[in-house]
Amino acid sequence: MKKYITLCLLILLVQSISAQRIVEGVVTDVGGHPVSAAIIKTVDATTKKTLHFCQTDTKGKFTITAQEGNILSISAISYKKQELKVTMDMPAQHITLEEDTKTLSEITVKAKPIKIKGDTIQYLLTTYKKEGDRTLADVLARVPGFDVNKENGEIQYEGKSISNFYIEGMNLMGGKYGLATKSLPQDDVATVEVMKHHQPIRVLDDFTYSDDNAINIKMKQGAKARWMTTYSGGIGLKSHGGLWNFETFAMRLKPSFQTILTYKTNNIGKNIRRETDKLLSFDELQSPLSAMLALPSPSPLLLKGRSLFNRSHAVSLNALQRIDENSQVSVQVTFANDRNEATSLRHSDFYTNSGIKTIENRKQYLEKSNDLFAKIKYENNAKNHYLKNELSGDFSWNKQWLNEQGTNPHMMMGNLPIYTLKDNFSIMKKYGKRLVTLQSKNIMDIRPQQLYVDSLVQSINQHYYETNTDVRGSFRIGRFILSGQIGVNAGEHRFTSDLVGVPDSVGLLMGKSSFTFARFYATPSVEYIVRDLDFMLSGDMSYNHYKYSLDNGQSKVLFSPNLRIRWKATASWTFSADASINTMQINAAQFYPTLVLQDYQYINKGLAGYNLNKEKSVGIGVVYSDALKGTSIRLRITKSFGNSPYTSTQDFVGNYIVESLTQGDTKYNSWNMFLMGSQGIGFLKGKLNVKALYNAINSYMVQNSQRMPYDTKNLNITSNLDIGLIKGVDLNYKLTYGFHQMKMPAFGKTSNLNSWKHEGSLRIPLCKILSMETLTEYYHNEVAQKKFKDMFFQDFTLIFKAKHFDLSLAWNNVFNNKSYSYGLNNTLSSSFSNQDIRGRELMLSFYYKP
Amino acid sequence: MKLYAFCITFMLSLLSCFGQETHIIEPSILEISYHTKYLNSYDDYALRIGKNVNEYFSYHTLRFDSLGSNPETALAIINEKIKAARNNNKTTHKVESPGHGDYLYRNLEEGKMTTYTQVWDSHYKITEDIPTPEWVIHEDSTRSVIGFNCTMATTHFRGRDWKVWFSEEIPLPLGPWKLGGLPGLILAAHCDGYLDIIASSIKREQLSPVKFYNFWEKKYKDIDRLSYLKKASDPTIYPKNTTFFPKMELE
């Protein structure tokens, strides 16, 4: 019986297996070429359901499971679909597909039509609002196509995040617009417009693909002005007195314009004088007027604010107005009021051929300054041009007092205002397929200043004007890239000075002069790229005309060529070599006829000389990087030979040191090395960063009519180690070493200064909402020849994070270390300073997150 | 002796690099645009299909690469980046997505898929066989995407669960990124808690050809997929506090 049943089952099994079988085949086109990635399906003839599917391989072959009676379907894009019936004992199939373009057109007809650029869709909000809707976010969520994140107010339209948020055509909030959607009362909003295909810079339209949407909110006529604010602050204690630090941000929305107001104040050593906007202003002209009158004050920015004893206030206002579809105007005004104090003890040694002169003074410094900065920016972003103009003014009223006691006691007071006006204009225009840029940078710098040193009075009035306008363009011809820049650079320096109290025998004490220069320049460059080599040859050619009011002036034609070769050897190694001959620009501020008292000790004397500094340099560079190995090394070595037509002079006249320049070639040569590397360290789960800078200069100066050679060597090494062995804990160790040597062969004297800094920081999460940070600094500085001073600083911070606010308790300088000592080498002199530092401080801060 | 060995290894490494130029591979038949959403960021990708080769890359990356490497337009791009950096804020919607800077090429004749990717300033080329994920088709789940009737299919591919919608009306076993192998083009893909990809348009006319892009003329180092995955996920090769995207492939 059992045998029968098994036999029956076997027969049934064989039957069912034979009904399901493998079909093989190869698919080719009419030419016999295999078609790969064609889709093969076995479809049930009655239900039309796909039972199995596969695709043809690279040789056009396929193998698929099929049952007798199924339909075998073969389809591929741009070919006519074929269908066969699956039969018993189907042999290996050879299927030839015919080309067919009709299938393609059927596909596109079904897809949605691509939208036309420049569309704007308007939604009237009253149609969508309901009882209980308070804010814009509430109503917008109902409008078809819109998605609003109730938590942070962010908006999406048709599944895409919006690229920009405008209110009455103005984009003041940038990425912070979530605050507006959650706070704007829906009663004030009339319509919401969706601007499709929003372009960032229109002149690049030919090259772009953009599907970005922006929305614009239009307010109702009678809407009231609304305020939206956020703030943070802290109070604390120091050894004598209290500490404070507050910041508030407020935004006012009116149908006609948007403004943002911020107010910051602190006395905890935070520098709030300038907004970080300044960081990206590398395309501006800088005034060459150095501080001719300078009090030798102790540095207030030493040790990241530990040495800054301040009382600072800053108010700033930002407003934005959209003029039309293409243009907008933005205004920024900042006013800062600052009061800084510093105290230090300085011991200076001056090396002369008649012995070493030593001065040891205790300095007390006070600075009061008021700074007003205003900027207006106009931007016009149209299809054929992009125009931008930035006009800014910086007015600083600065008074400094320095009281010195010791070897050389005196009282100094400086009234040092600086008024600067800058205008930067640029336009990018499209001519057919070419893009040409014109830039004009202008600056006006006025300094009416006075310096009082005991009974001496030095007053000096300088005006400086400069403009630099150029046109640039570039184009590609085969393997060559040709670029060029032609421009005009002109300026004027007007100088008046008067010194009262110094005997006439020292030199000319009163006078005025002016210096004008005009330069027509062209900077062509040719770049040739072939395989892995990149050659670039460029040159700066200029015709210069100089005129000093007290002589006949001069004209010069200058040429500075530069060659650079780069070889991308492998994916990880890149080598480069360069050579250049540079003739330096003339220094307009060097031309003046009188003596100018710089401080109680130094007097500066100008020089009317038209000879220019020439420098030849050669350099090589190597870069190795393999990011996945966590390695990156960059090395650059440069050797320069310079010829200066002047020599620096130092003359000791009575109690003063007169510094000037004298005719006479000075040759100097220097070595420069820069190394930067980083390597991931697996077993420490960390990373090591090293940066080293080395330079050695051999030069000389003329002191009291005698030539004094001096050689300096400087080495700076910073290394940083991050360790992440324990999750959530950040451990970092940083070691900085500095070596500064000044050799004076004429005296057989060498001044060596070594300084070490060890820094360790740790961040530990104590629990979910509490974390602790510690910072330990240990300084080992050489303060006299072979004498070192050790200084310790320790800070602790406890941070508590809640939903809408953060609390932090900081205990700084736990060991109450009140002074910091360090050494400095100057030309033929060295000094050691002991500066007062902020003592132990306790600070509790609060940050509100709306 | 050591110098000799170093020179030999150096010469050999020279050979294993490829510094190809941007060139046309073949004309395209179809181009599908995909829009991706990842947390607060978005991106737009192109799937450009030729007869034998198809490529997948971000439009924004292509724009930046082509304009940035061209001296005429480089200044304008720099201006844009500076503007974006000034307005940068944690809540800004940025153009970002996992695999944003990668160029993916599938060669059907050879059955190979090549990814050209970048980690900091090092460039890598990963070659693998075109993957064939195991799909489970859910006939009853359908959805309309840009006018096409799509059926849902799911799979577990390289560490992630993917839910996709494909349309048999477009007989191509392709899809966004490395997804493919279904009897129709994948028009939408979703991975819970991770990425959302959806087709936004299909172009048939005025198509750019399938091109190999190397605007910056970089040299690529060959590396195999698993070594790359292991090393790229090592947090020590990035600076402290870098937030980086979880990768599309986990294994």
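Residues numbered from 1 in each chain as written. Chains lettered and ligands numbered in written order. Predicted model: local features only at pLDDT ≥ 70, side-chain atom pairs only at ≥ 80, totals over all residues. Heavy atoms only, no water.

1. What about the overall build of chain B?
Let me state the cut-off plainly: To qualify as a helix, a DSSP run of H or I must reach at least 4 residues; to qualify as a strand, a run of E must reach at least 2; elements of each kind are numbered from the N terminus. Note on classification: 1.4 Å probe, protein chains only; a residue is buried when its accessible area is under 20% of the maximum for its type, exposed when over 50%, partly exposed between these limits. Contacts: residue pairs with any heavy atoms within 4.5 Å of one another. Here the accessible surface of atoms and residues is derived via Shrake-Rupley with a 1.4 Å probe, and residues count as covered only by protein chains that are part of the display.
Across its full length, chain B carries four helices and 15 strands. Out of the 251 residues in chain B, the part that is buried amounts to 52%. Of the contacts made within chain B by residues no fewer than 6 positions apart, 57% connect residues no fewer than 24 positions apart. For chain B, the exposed area adds up to about 11500 Å²; of that, 55% sits on carbon and sulfur atoms.

2. Points about the overall build of chain A
When helices and strands are counted, chain A shows four helices and 46 strands. Split into buried and exposed, the 850 residues of chain A put 44% on the buried side. Of the contacts made within chain A by residues no fewer than 6 positions apart, 61% connect residues no fewer than 24 positions apart. Entry remark: accessible area of chain A is about 42300 Å², with carbon and sulfur atoms responsible for 58%.

3. What to know about the pattern of salt bridges
Residues and elements named next belong to chain A. Let me state the cut-off plainly: Salt bridge, as used here, is a side-chain nitrogen of Lys or Arg placed within 4 Å of a carboxyl oxygen of Asp or Glu.
Tallied over the entire structure, the rule returns 33 salt bridges over all chains. Between E98 and K80 there is a salt bridge, and its shortest N-O distance comes to 3.7 Å. With E98 in the loop between β7 (93-97) and α2 (102-110) and K80 in the loop between β5 (71-75) and β6 (82-85), this pair connects stretches of sequence that are 18 residues apart. In this structure K80 comes out as partly exposed when scored by relative accessible area, which is 43%. For D806, the salt bridge is made with K801, and the minimal N-O distance between the two is 3.8 Å. Its relative accessible area of 13% is what places D806 among the buried residues. K801 gets classed as partly exposed once you look at its relative accessible area, which sits at 47%.

4. Some remarks on helix α2 (residues 59-68) of chain B
Residue and element names in this part refer to chain B. The cut-off we apply is this: Between N or O atoms, a polar contact is any pair within 3.5 Å; within protein, one atom must be a potential hydrogen donor and the other a potential acceptor, and residues adjacent in sequence are included only when both atoms are from side chains.
With respect to burial, α2 is a largely interior element, eight of its ten residues being buried. Three or more residues of α2 are buried, namely Y59, H60, T61, L62, R63, D65, L67 and G68. Near the N-terminus of α2, the side chain that reaches the backbone nitrogen of H60, with its oxygen 3.2 Å away, is that of S58.

5. Observations regarding the side chain of S580 of chain A
Residue position: S580 of chain A is located in strand β31 (residues 573-583). Beyond its immediate sequence surroundings of up to four residues, S580 of chain A is in contact with P561, N562, E615, K616 and S617 of chain A.

6. Some words on the sheet that holds strand β1 (residues 20-29) of chain A
All names here are of chain A. Just so we agree on the cut-off: Strands qualify as paired when DSSP identifies two bridges or more between them. What counts as an axis is a line fitted to C-alpha atoms, over the stretch in contact for a helix, and the angles between N-to-C directions run from 0 to 180 degrees.
In space, the three strands of this open sheet follow the order β4-β1-β7, with mixed pairing throughout. Strand pairing shows two members of the sheet lacking a second neighbour, β4 (61-67) and β7, which therefore form its edges. Averaged over neighbouring strand pairs, the angle between their axes works out to 35° when direction is ignored. In this sheet, β4 lies alongside β1 in antiparallel orientation, the contact comprising seven bridges. Bridge assignment links V26 to a residue of β4, and that residue is K61.

7. Details of the sheet that holds strand β3 (residues 50-55) of chain A
Hydrogen bonding along the main chain pairs the strands of a sheet, whether they run parallel or antiparallel. Residue and element names in this part refer to chain A. Taken together, four strands build an open sheet; the order of strands is β3-β2-β5-β6 and the sheet is antiparallel. The sheet is open, and its two edges are formed by β3 and β6, each paired on a single side. Strand-to-strand twist in this sheet, taken as the mean axis angle between neighbours without regard to direction, amounts to 20°. Relative to β5, strand β2 (residues 39-43) is paired through five bridges, and the arrangement is antiparallel.

8. A closer look at the packing of aromatic side chains
Residues and elements named next belong to chain A. Test applied: What counts as a ring pair is set by centres within 6.5 Å for rings of Phe, Tyr and Trp (its six-membered ring), and what kind of pair is set by the plane angle: stacked under 30 degrees, edge-to-face over 60, tilted for all other angles. For a Lys NZ or an Arg CZ to count as sitting over a ring, it must be within 6 Å of the ring centre and within 35 degrees of the ring normal.
For the structure shown, the criterion picks out 38 aromatic pairs over all chains. Between F395 and Y419 the ring centres are 6.3 Å apart and the planes differ by 45°, which places this aromatic pair in the tilted class. Placement of F395 in strand β21 (residues 385-406) and of Y419 in strand β23 (residues 418-431) is noted, with a sequence separation of 24 residues between them. Consider the rings of F515 and Y546, whose centres lie 6.3 Å apart with planes at 20°: the pair is stacked. Here F515, found in strand β27 (residues 510-522), pairs with Y546, found in strand β29 (residues 533-548); they are 31 residues apart in sequence, far enough to count as distant. The same class applies to F515 as to Y546, namely buried. Among the aromatic side chains, those forming a connected cluster through ring pairs are F515, Y546, Y548, F591 and Y610. One cation-aromatic arrangement involves R707 over Y700; the distance from NZ or CZ to the ring centre is 3.7 Å.

9. Here's the deal with helix α4 (residues 225-232) of chain B
Residue and element names in this part refer to chain B. The criterion, for reference: This arc describes the spread of directions from the helix axis toward the C-beta atoms.
The complete set of buried residues in α4 reads R225, Y228, L229 and A232. One side of α4 carries all its buried residues, which in axial view fall inside an arc of 100°. Turned more than 90 degrees from where α4 packs its buried face, L226 and K230 sit exposed.

10. A few points about the environment of S821 of chain A
All names here are of chain A. Structurally, the position occupied by S821 is in strand β44 (residues 819-826). Each C-alpha atom of the pair S821 and G233 lies 33 Å from the other, and the pair is 588 residues apart in sequence. The contacts of S821, once residues within four sequence positions are left out, are N781, V783, K789, M791, S833 and N834.

11. Some details on the nonpolar core
Put simply, the rule is: Residues belong to one nonpolar core when they are buried, are Ala, Val, Leu, Ile, Met, Phe, Trp, Tyr or Cys, and are joined through side-chain atoms within 4.5 Å.
Core analysis: the largest hydrophobic core is formed by 41 residues, its most contacted members being L30, I32, Y34, W162, V164, L179 and L185 of chain B. Within the residue set of this core, elements represented by two or more residues are β3 (28-38), β4 (41-50), β10 (148-157), β11 (160-167), β12 (185-190) and β13 (196-203) of chain B. By size, the runner-up hydrophobic cluster in this structure holds 29 residues, among which are I359, L595, V596 and L597 of chain A.

12. Looking at the side chain of T262 of chain A
All names here are of chain A. Following the sequence through the fold, T262 ends up in strand β17 (residues 258-266). In this structure the side chain of T262 is engaged in a polar contact, spanning 2.7 Å, whose partner is the side chain of S316. Those residues in contact with T262 that sit more than four places away from it in its chain are T248, F249, A314, V315 and S316.

13. Re unusual backbone geometry
All names here are of chain A. In this model, K48 sits at a positive phi of 65°, which is unusual for a non-glycine residue. If you trace the backbone, K48 turns up in the loop between β2 and β3. Judged by relative accessible area, which is 55%, K48 ranks as exposed. A positive phi angle, near 55°, is found at N816, a position not held by glycine.

14. Comments concerning the pairing of strand β18 (residues 309-322) of chain A
All names here are of chain A. Pairing of β17 with β18, which is carried by nine bridges, proceeds in the antiparallel orientation. By the bridge assignment, T262 is partnered in β18 with S316. The pairing of β18 with strand β19 (residues 327-352) spans 14 bridges and is classified as antiparallel. The residue bridging A319 from the neighbouring strand is V331, located in β19.

15. Regarding a nonpolar patch on the surface
Residue and element names in this part refer to chain A. This is how it is decided: Here, patches come from residues exposed beyond 30% relative accessible area and free of salt bridges, joined within 9 Å for like charges and within 5 Å for nonpolar side chains (Val, Leu, Ile, Met, Phe, Trp, Tyr).
A cluster of nonpolar side chains, L237, L766, F796, L798, L809, W811, L842 and L844, forms an exposed patch at the surface whose accessible area comes to about 680 Å². By the element assignment, L842 lies in strand β46 (residues 841-848). For L842, a relative accessible area of 37% puts it in the partly exposed group.

16. Some words on a positive patch on the surface
All names here are of chain A. In plain terms, the rule: Asp and Glu are treated as the negative residues and Lys and Arg as the positive ones, with His and the ends of the chain left uncounted. Working definition for charges: the position is that of NZ of Lys, CZ of Arg, CG of Asp or CD of Glu.
Residues K238, R311, K368 and K399 make up a contiguous surface patch of positive charge. Checked against the element boundaries, K368 lands in strand β20 (residues 355-381). Look at K368 and you get partly exposed, because its relative accessible area is 42%.

17. Looking at the confidence of the model for chain A
Operational definition: Residue-level confidence of the predictor is summarised by pLDDT, bounded by 0 at the bottom and 100 at the top.
Per-residue confidence for chain A gives a mean pLDDT of 82; residues scoring 70 or more make up 86%. Scored below 50 in pLDDT, residues 111-118 of chain A shows 13 contacts in the model against residues more than four places distant or in partner chains.

18. Quick notes on the pairing of strand β26 (residues 480-500) of chain A
All names here are of chain A. As paired strands, strand β25 (residues 456-477) and β26 are joined by 21 bridges and run antiparallel to one another. When the bridges of β26 are listed, N461 appears paired with T496. The loop that links β25 with its antiparallel partner β26 comprises two residues; one of these, G478, has a positive phi angle of about 60°. Of the pairings in the sheet, the one linking β26 to β27 comprises 13 bridges and is antiparallel in character. The partner of T496 across the bridge, within β27, is K512.

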